Amino acid sequence: AESYKPLRVPIVTADAETVQAESWWENDGTVHVSWLRGVTKYGGGSFESRRYLEENGNVYVCESTFHPNDATKERNTLTWKFRRQQPNK
């Protein structure tokens, strides 16, 4: 299996907050994982995203999870799926 080294960079979120972004590839380069760490909004925590293709590349999946710093709070997860459309003839 091929190994992918994480990339870490500071970024500014849509909420105008500077956080640490980290991303890498898993499963032989078929799943892209990214984390935004150091979020103070929403009670503080980290955002995780996992992106990959399904159905022979016809469906793009993005799983997003917020991991709160407060262990008494539940994680919030949202999964988006985008199906490739055939061009109009």
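Observations concerning the pairing of strand 5 (residues 59–68)
Part 1: In terms of burial, strand 5 is a largely internal element, 7 of the 10 residues being buried.
Part 2: Sheet analysis places strand 4 (residues 45–54) next to strand 5, joined by 10 bridges and oriented antiparallel. Paired with Ser46 across the strands is His67, a residue of strand 5.
Part 3: Bridging between strand 5 and strand 6 (residues 76–83) involves 8 bridges; their strand directions are antiparallel. Bridge pairing in strand 6 links Phe66 to Asn76.

Observations regarding the nonpolar core
Part 1: If you look at the biggest cluster of nonpolar residues, it comprises 7 residues: Trp24, Val31, Val33, Trp35, Tyr52, Val59 and Val61.
Part 2: The set of elements that each furnish at least two residues to this core consists of strand 3 (31–39) and strand 5.
Part 3: Beyond its immediate chain neighbours, meaning those up to four positions away, Val33 contacts Glu22, Ser23, Trp24, Glu26, Ser49, Arg50 and Arg51.

Some points on the sheet that holds strand 6
Part 1: Spatial ordering of the open sheet is given by 1-2-3-4-5-6, a layout of 6 strands whose pairing is antiparallel. Both outer strands of the open sheet, strand 1 (7–12) and strand 6, are each paired with one neighbouring strand and no more. Neighbour-to-neighbour, the strand axes of this sheet turn through a mean angle of 20°, independent of strand direction.
Part 2: Relative to strand 3, strand 2 (residues 18–26) is paired through 7 bridges, and the arrangement is antiparallel. Each residue of the ladder has a partner; that of Trp25, found in strand 3, is His32.

What about unusual backbone geometry?
Part 1: The phi dihedral of Asn27 falls on the positive side, at around 50°, and the residue is not glycine.
Part 2: If you trace the backbone, Asn27 turns up in the loop between strand 2 and strand 3.
Part 3: In this structure, Glu55 takes a positive phi of about 50° despite not being glycine.
Part 4: As for its placement among the helices and strands, Glu55 is situated in the loop between strand 4 and strand 5.
Part 5: For Glu55, a relative accessible area of 45% corresponds to the partly exposed category.

Cut-offs applied
Residues numbered from 1 in each chain as written. Predicted model: local features only at pLDDT ≥ 70, side-chain atom pairs only at ≥ 80, totals over all residues. Heavy atoms only, no water. Buried < 20%, exposed > 50% of the residue type's maximum accessible area, 1.4 Å probe, protein only. Helix = DSSP H or I, 4+ residues; strand = E, 2+ residues; numbered from the N terminus. Pairing = 2+ DSSP bridges. Core = buried A, V, L, I, M, F, W, Y, C linked by side-chain atoms within 4.5 Å. Contact = heavy atoms within 4.5 Å. Axes fitted to C-alpha atoms, helices over the stretch in contact; angles between N-to-C directions.

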